[in-house]
Every structure is written in C-alpha cells, then in structure tokens.
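# Close look at the chain arrangement
Listed below are the residues making up each chain.
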Amino acid sequence: MRTAYSVETVRAAERSLMARLPEGALMQRAAAGLAAACAQLLRRVYGSRVVLLVGSGDNGGDALYAGARLARRGAGVTAVLLAPERTHQGGLAALRRAGGTVVTGGPESVGAADESVRCADVVVDGIVGIGGKGGLRPDAARLAALVEQSRAAVVAVDLPSGVEADTGEVLGPAVRADLTVTFGTHKPALLIDPAREHAGSVRLVDIGLDLPAQAELEALQHADVAALLPRPAAESDKYRRGVVGIAAGSARYPGAAVLAVAGALRGGAGAVRYVGPAGGAVIARFPETLVSEAGPAKAGRVQAWVVGPGVGDDAATVAEVLEADVPVLVDADGLRLADRDAVRGRGAPTLMTPHAGEAAALLGVSREEVEGARLAAVRELAARYRATVLLKGSTTLVADAGGGPVRVNATGTPWLATAGSGDVLSGLSGSLLASGLEARDAGSVAAYLHGLAGRYAADGAPAGAHDVANAVPEAWRDVQG
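Everything in this summary refers to the structure shown in the same document. Note that the coordinates shown come from a computational prediction; the quantities given were computed from them, not determined experimentally.

## Topic: the nonpolar core
With 54 residues, the main nonpolar core has L34, L52, L70 and V124 as its most contacted residues. Take this core: its biggest share by element is nine residues, from helix 2 (residues 25-41). Dropping the residues within four chain positions of it, L52 is found in contact with A63, L64, G67, V77, T78, A79, V80, L95 and V124.

Here it is, written out as structure tokens:
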C-alpha cells in the first residue's frame, strides 16, 4: 500500500532521525537519490547541462549537493539562486568545489539565468520545500514559466514548488515536473489532484524515516485489492456471495437502471434484485435479475442497497431505502433527494458517491472550490452526513466519517468521463457492500476496478459505460494475477 504523511509528521520524523545521525547525513542521503534519478534521465551525464533552481530551504540544499555529485561526473551544472543570502552554504560550497557555476535569479541576472534554463537538458526544481504556501513568488514564477516552455526534463525535489503539500491544492503559479523525487514518504500533494498533475512520475527515495502506523492517505495497490476481493467458497450460494438491491431508473432514464445492474452483476453479486419502473429494460438485458414492483421494503432479502441513479424526483423510494437496516449506497439523484438527518441517523453503513458538482451542491459551494480542495471537501461531506463518502474525479477519494486515512485511487482514465459510467460504479460498489466488505473497502476496491476497466474498455479510443461494465471481469482477473 502506498501511504502519504502530513508535513508535521514528516518533519517530526526527520528531526528524530537527524538527532541520531552525523550532521548533514540525512541531506546527503536525499541528494544521492536525487542525483541518481537525474542521471537516469540523461543519455549520458558527462557533457550534459543541468540547471538547479535553488531556493532558501533544505530543498535547495538537496539540489545543490545533488548538483555537486553530477558535476563530479562531468556534467555542466549551473545553480540559479533565488535567495542568495539565504542559500544553503554547505551545498553551495560543495557545488563550487565540484566545478559548478552560480548565477542569481533576480532582476540583475535575468539574462544569464534565462539562458541557462533554455540550454538545459535537466532542470532541478529546488525552489520551495514542503512548507511552501500560496504559489510561487514573481521571480520563481517567471522561471517556472520559462522551464515549462523549454525542452528540458524537469525534476522536482520532494514535491513541485508552488503546490500545497498537505492538501494537494494549487493556489498560484507552480512548477510542472516530469519527475518528482520524494524522500522518506509520499506527501498528500503527490497523490491528490490538482497538485498530482504537476508531479509527473513520482520516485520514492528511502532515507530511513520512522513513521507512524496511521498515515494521512492510503492508495491501494494490486496486492491490497486482491486481498480484499471477495471469492466464493465451495459451499457458496447466491446469498453467501451477496444479494444487492438496485433502486434506480425512471421512465426518462431507464438506462441508469440497466447500467447499475450491469455493474452489480459484473462485480460478482450472487443476485441482483431490481426495484423501479425500468424492469422491462433490465430483464431484456439481464434476464437473471430478480425484478419487483412492490417497492424496496417488499422486494425480498438483500444484503445491500443501491439507490439513486436515474430515479428523477422519486424521493419516496430514496427515503424507503434509507430506512433499511443493511448497507446503502446513495448516488446521483439520490444524493439530492436524501434527507441529511435520515442519513446521519442510520444504524447500518452508508456510502455516498458524488462527483464534484454533486458534492458542491451538498456543501453549498462552487464546483471549482471542490475540485481545488478535494481532500477538504470529502472530509467535510463525510463529517456532515456521518457516512463514508467516495468523491469521484481524476483522483477518487474515499473518506470515513470517523476520520482515519483517506483512501486515494488513481487508476481512473479521462475516458471514464462518459454518461452512465457512474451508474456502473454504483452497481459495482453495491455488489461489494453486499459481499460483506466495509463501506470504505467497498468504495476503494470498486474505484480501483472501475478505473482499470475504463482503461481496458477504452484502450486509447472512445468507449461507452456498457463497455466499462463488461471490462470489470478483466480488471478483476488482472488484480488477482
């Protein structure tokens, strides 16, 4: 499992480790990993041109020591100092001893700094560390814009300068890196958009930090998902595998019901009970579905409910499902119709699955605010509704009402931005709830499989939601190895 820790936790771990190591040893570990990563980007180190953008913090020191290592191997290394009077003196001395050159990034040396960047093969971003706030200042922002226009590979030290380390927000100009070399642990900004888009590929360098068991963020990997996937045993029947109820669709949106049922069946449900006006469309596509017209309370035994996709204004059905004493997933129209007190008062788990627009409506803010501060938004929703919340998007986040690590999923693809894709995810998540997974695990595993299925279905070309549903078994097989 990939984990990320807050700035405060990382700094405490660094202080603890530095107290046990010789002075400067920790920075040398980081610099060695950074130099090795830069060297791998170059066709050859000897004769290459490397530019270091150096701020006043330890990130600048890391960059300078790494630059010294590259200079000793024959690279032409130039350090652009944005705060000359506060530059890390040990790193600066090491670079000069290795033959590196130095210019300042202020107005008095604009020409030299700009020319160095334009001619660089690799630019190392050591402007701001994990404590940076509020975007880049003007001199740094100008250099970052110049770097983005250059042909150089951009390597960020620990995280791209200008992004907010703890939240993933980007509140002003920021560096866009091709590679981020991070030390000790991932930082939240490297896993959450919009900051994640600035990070490029991420390489973790182990520097020996002793970190707490509980992280701020968790990102499941193949092995983690495989361990959570429900598997039928020899004595399994449809009830042991999980029966999921689907209350979805309407005369206007019958397809939402079909796609939610597809997600549930492809997700391994032992059986699906469908309630709603789209029974004919559902049976025509999936004759194994158990269709009822009696309403959720009289539909028969289920281990979980999915309510909301395409229900229009059917608030009565949403309210009836929320009264059930089994886990309930609320999506789409159901999010708008669900009474907050009814959700808060439920004894069984509730999983809500909004996209950014729906989350914004529930929070009473703009969509842009949610997209710019996704971590804060998902935590706030979970607390308000006392529910597990899966916030869909380029990085899907899953938060529990009781706190704890937020799960992050990045397997998604822009091709999933298609009508009905969310309905498939709802059915898939519901099937995992019915199998007995906890709400956070069900949402996290479903998001992971759904993202992989989107990639397989599209394979670089447009695909519909039904293609995504059909690709879920392939994603399942891939995860299981």
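## Things to note about the pairing of strand 7 (residues 179-183)
Burial analysis of strand 7 places five of its five residues in the buried class, the great majority of the element. Of the two faces of strand 7, the one holding L179, V181 and F183 and the one holding T180 and T182 are both buried throughout. The pairing of strand 6 (residues 153-157) with strand 7 spans three bridges and is classified as parallel. Its bridge partner being in strand 7, V157 is matched across the sheet by V181. As paired strands, strand 7 and strand 8 (residues 201-205) are joined by five bridges and run parallel to one another. Note that in strand 8 the partner of T182 across the bridge is L204.

## Here we look at the pattern of salt bridges
Two side chains of opposite charge can pair, provided their charged atoms sit close to one another. Applying the stated rule across the entire model yields 17 salt bridges. R49 is the partner of D121 in a salt bridge, and the nearest nitrogen-oxygen pair spans 3.7 Å. Here D121, found in the loop between helix 5 (110-118) and strand 5 (122-126), pairs with R49, found in strand 2 (residues 49-54); they are 72 residues apart in sequence, far enough to count as distant. Taking the relative accessible area as the measure of exposure, D121 reaches 28% and is therefore partly exposed. Residue classification places R49 among the partly exposed residues on the basis of a relative accessible area of 44%. The partner of E218 in a salt bridge is R440, with the nearest N and O atoms 3.5 Å apart. Taken together, the residues span a long stretch of sequence, with E218 in strand 9 (residues 217-219) and R440 in helix 19 (residues 439-458) at a distance of 222 residues. Through salt bridges that share partners, E218, D400, R407, R440 and D441 make up one connected network.

Rules used throughout
Residues numbered from 1 in each chain as written. Predicted model: local features only at pLDDT ≥ 70, side-chain atom pairs only at ≥ 80, totals over all residues. Heavy atoms only, no water. Core = buried A, V, L, I, M, F, W, Y, C linked by side-chain atoms within 4.5 Å. Buried < 20%, exposed > 50% of the residue type's maximum accessible area, 1.4 Å probe, protein only. Helix = DSSP H or I, 4+ residues; strand = E, 2+ residues; numbered from the N terminus. Contact = heavy atoms within 4.5 Å. Pairing = 2+ DSSP bridges. Salt bridge = Lys/Arg side-chain N within 4 Å of Asp/Glu carboxyl O.

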